[in-house]
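Structure assessment
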Amino acid sequence: MVIAATSLDEASAWAAASAVPDPEVPCVTVADLGILRWIRVDNDVAIAGVSPTYSGCPAVLAIELAVEAALRDAGFEPRVERVLSPPWTTDWITSEGREKLRAYGIAPPQDSTGSKRALFGDVAVTCPRCGSHDTEKISEFGSTACKAQYRCSACSEPFDYFKCI
Amino acid sequence: MGLFNAVIELADDHLVLGHRVSEWCGHAPMLEEDLALPNMALDLIGTAQTLYDHAGTLEGTGRDADALAYLRGEREYRNCLLVERPNRDFAHTMLRQLYFAAFMEPYWQRAIDHPDPVIRGVAGKASKEMAYHIRHTGEWVIRLGDGTDESAQRMQDAVDALHNYTDELFEEGSAQDGLPGRAQIRADWDDTIDHVFEEARLTRPATTFPQTGGRDGRHGEGLGHMLAVMQSVHRAHPGASW
């Protein structure tokens, strides 16, 4: 979600903060993921609105500190505001971010299957390496809170799937 | 203080269950579940932390999230008894999680338009996480219930042991301040549980002796032991930082 910057200062603050990589998925930036919500600049103070991906995401603090550091390096006095509402959704990952995830070997989130009735109802996840749809879920939870583990039946490679929430 | 009390009840439910689930870390029956269980625990503890922060603000006496989590004794905890039940075997743990998530998912759905922005934010996030927990644990309850003789027996044992603790989920607190009515969640909860039990070939017992009292601070023996472990470092090193 890109909020149009309204002044030169906000543009430069946005440029600095939006380049911060995600600490757990460093191929994408906080702007690619859509967790950097907005920047407001008041004199020398730059306030960044940042949303957590998951309630218990251990990277939240690291991300907030990194955004602060980036703003400080750009000459601002940084503040970070944690934005809980509306909650972050994988729909906010930009198309550029999705492409970066795929290139990195992580299948980007597909259509929502939020229905709790959909027991055993898996989405057809596309293998990020060979493009096959013949994949199977290994584990609902993966190396980080935002990912599940899949395996491609065509090329036999295991891969991470960025879960759709 | 109405909203403070309601938020504390919710926070205590999430922290106590989150800590219980975290006790599985390194002990799960397979690697995938060793990832799944701490991830579910993180969801719960993360939600609890936001709720405790907010409760501290609502109370306005300077108690922060750490003080509320680590410096209250068991009689001051307001969690329902279901969440403090010991892990026992994997079947018990999966069923306890399903019972809780099947309640919280519709509860948070109904809280999404609450006037308090923190409640709104937690509700939007946690309702999705709870839907995920329902799916994950529901699938396990079905696999085990409709599995081997041994797994089916253990799953049914878990149902028989835990079902008497489910009525307390629907008890209304004294003042809910615009939070969803707990009794109104019953139909949604029944729907989820009946659906899973039917596929799992499990028998849903009648609730013969509903176990309650957690909202008044009357807990089982297990909670005190759990808090002793959970709070020991904070109490031994007050104010420590690293």
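Structural notes, computed from the coordinates.

About the thresholds
Residues numbered from 1 in each chain as written. Chains lettered and ligands numbered in written order. Predicted model: local features only at pLDDT ≥ 70, side-chain atom pairs only at ≥ 80, totals over all residues. Helix = DSSP H or I, 4+ residues; strand = E, 2+ residues; numbered from the N terminus. Buried ≥ 20, exposed ≤ 12 C-beta atoms within 10 Å, placed from the backbone. Contact = placed C-beta atoms within 7 Å. Pairing = 2+ DSSP bridges. Axes fitted to C-alpha atoms, helices over the stretch in contact; angles between N-to-C directions. Core = buried A, V, L, I, M, F, W, Y, C linked by C-beta atoms within 7 Å. Right-handed = clockwise from strand over helix to strand, strands pointing away.

**Observations regarding the overall build of chain A**
Of the regular secondary structure elements, chain A holds four helices and seven strands. Listing each helix as α and each strand as β along chain A from the N terminus yields α-α-β-β-α-β-α-β-β-β-β. When each of the 165 residues of chain A is scored for burial, the buried share is 42%. Excluding contacts between residues fewer than 6 apart, the proportion of contacts in chain A whose partners are at least 24 apart in sequence is 54%.

**With respect to the overall build of chain B**
Scanning chain B from N- to C-terminus turns up nine helices and zero strands. Projected onto its principal axes, the C-alpha positions of chain B cover 55 × 40 × 30 Å. Expressed as a percentage of its 242 residues, the buried residues of chain B come to 48%.

**Describing the sheet that holds strand β3 (residues 77–82) of chain A**
Strand pairing in a sheet takes place through backbone hydrogen bonds and is either antiparallel or parallel in direction. Residue and element names in this part refer to chain A. As summarised here, the arrangement of the three strands in space is β1-β2-β3, forming an open sheet in which the pairing is mixed. Each of the sheet's edge strands pairs with one partner strand only, and the pair in question is β1 (36–42) and β3. Strand-to-strand twist of the sheet, defined as the mean angle between neighbouring strand axes without regard to direction, takes the value 20°.

**Digging into the nonpolar core**
Ranked by internal contacts, the top residues of the largest apolar core, which has 108 residues, are A17(A), V67(A) and V141(B). The leading source of residues in this core is helix α5 (residues 90–111) of chain B, at 14 residues. When near neighbours in sequence (up to four residues on either side) are disregarded, A17(A) contacts L36(A), I39(A), A48(A), V67(A), A70(A) and L71(A).

**Considerations on the pairing of strand β2 (residues 45–50) of chain A**
Residue and element names in this part refer to chain A. Along β2, the buried face is formed by A46, A48 and V50; none of V45, I47 and G49, which line the opposite face, is buried. Both β1 and β2 contribute to a ladder of six bridges, which runs antiparallel. Considered in β2, the bridge of L36 is made with V50. Between β1 and β2, which pair antiparallel and follow one another directly, the connecting turn spans two residues, one of which, N43, has a positive phi of 55°. Relative to β3, β2 runs parallel, the two being bridged by six bridges. By the bridge assignment for β3, A48 is matched with V80. Taking the sense of rotation as the criterion, the β-α-β connection linking β2, helix α3 (residues 60–73) and β3 turns out right-handed.

**Section: the sheet that holds strand β7 (residues 158–162) of chain A**
Residues and elements named next belong to chain A. Strand order in the open sheet made by the four strands is β4-β7-β6-β5, with mixed pairing throughout. Strands at the two margins of the open sheet, each flanked by one partner only, are β4 (106–107) and β5 (135–139). Both β5 and strand β6 (residues 147–152) contribute to a ladder of four bridges, which runs antiparallel. When the sheet's bridge partners are listed, E136 is paired in β6 with R151.

By themselves these figures say nothing about function.
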